[in-house]
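Observations on the three-dimensional arrangement
So you can see what is in the structure, the chains are spelled out below.
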Amino acid sequence: MLDAAKSDPWLSTNLPGVGFYGFRAEGCVLGRSEPVVQAMLEHSAVRRSKIAQVTSRPAAAQHLRDLALLRRVRDRIDREYAQPLDVEALARGAHVSAGHLSRQFRLAYGESPYAYLMTRRIERAMALLRRGDLSVTEVCFEVGCSSLGTFSSRFTELVGVPPSVYRREAARATAGMPSCVVKQVTRPIRNREVPGPQKHL
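No experiment lies behind these values; they were computed from the predicted model shown.

A few words now on the overall build of the protein chain. Along the protein chain, the regular secondary structure elements total 10 helices and zero strands. Reading the secondary structure of the protein chain in the N-to-C direction produces α-α-α-α-α-α-α-α-α-α. Within the protein chain, counting contacts between residues at least 6 apart in sequence, those at least 24 apart form 58% of the total. Accessible area for the protein chain stands at about 12800 Å²; split by element, carbon and sulfur atoms hold 55% of it.

Our next topic: unusual backbone geometry. Positive phi values are uncommon outside glycine, yet His 95 reaches one of about 60°. Looking at the secondary structure, you find His 95 in the loop between helix 4 (87–94) and helix 5 (98–109). For His 95, a relative accessible area of 72% translates into the label exposed.

What follows covers the packing of helix 4 against helix 5. One can describe the packing of helix 4 onto helix 5 by two numbers: an axis separation of 8 Å at closest approach and a directional angle of 95°. Accordingly, the angle class assigned to the pair helix 4 and helix 5 is roughly perpendicular. On helix 5, the residues touching Val 87, Glu 88, Leu 90 and Ala 91 of helix 4 are Ala 98, Leu 101 and Ser 102. Here the residues of the contact of helix 4 with helix 5 sort into five nonpolar, one polar and one charged.

In this section: the nonpolar core. One finds Val 139, Val 143, Phe 151 and Phe 155 to be the most contacted residues of the largest nonpolar core, which totals 17 residues. The set of elements that each furnish at least two residues to this core consists of helix 6 (113–131), helix 7 (136–142), helix 8 (148–159) and helix 9 (163–173). Counting residues per element, this core draws most heavily on helix 6, which supplies six residues. Listed in part, the 13 residues of the second largest apolar core include Val 73, Leu 90, Ala 94 and Phe 105.

Scoring rules and cut-offs
Residues numbered from 1 in each chain as written. Predicted model: local features only at pLDDT ≥ 70, side-chain atom pairs only at ≥ 80, totals over all residues. Heavy atoms only, no water. Helix = DSSP H or I, 4+ residues; strand = E, 2+ residues; numbered from the N terminus. Contact = heavy atoms within 4.5 Å. Areas by Shrake-Rupley, 256 points an atom, 1.4 Å probe, with all protein chains shown as cover. Buried < 20%, exposed > 50% of the residue type's maximum accessible area, 1.4 Å probe, protein only. Axes fitted to C-alpha atoms, helices over the stretch in contact; angles between N-to-C directions. Parallel < 35°, antiparallel > 145°, perpendicular 65-115°, else oblique. Nonpolar A, V, L, I, M, F, W, Y, C, P; charged D, E, K, R; others polar. Core = buried A, V, L, I, M, F, W, Y, C linked by side-chain atoms within 4.5 Å.

Read these as layout, nothing more, since geometry by itself doesn't imply function.
And the structure:
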């Protein structure tokens, strides 16, 4: 009883004499005032519940706004992956800090904006390499990567072979397949690297 009165300013204001008037403070044994006090306690509980509901609405609305912002960032990556994008540029476009964008993007989609961007670039690079009319270096710059070393390393992590090897072998492996099937079976692995060879002890 005393804890409830202390935790609610409304209750402590409208219930003077906590510890007096018919009940003992140490045991909170109510006397004749019990029905009145009980009603006031119930009113206080309802009031706190309504306050919690009201304060939760702005949080829910903010969460929806954050998801919409993250979706716009992801859509921009899908459209402009070949442009010189980085996390800082994406964050500036979304009017948030790079760290905040990375954390929220990972929570929503399971990977960082950079990882998502590189996966989109590697997907496009695989399609261009299968065509066979562009060199690995040309494909690297065509999909928006500025470093051949970074491109080759990330390609190998996602696909399992270097881009030069993929270019040489992909044409034979997918010969005769419909383009929709080729896209499905050659899609990079998201959120994890291709498992390397296991060591036998």
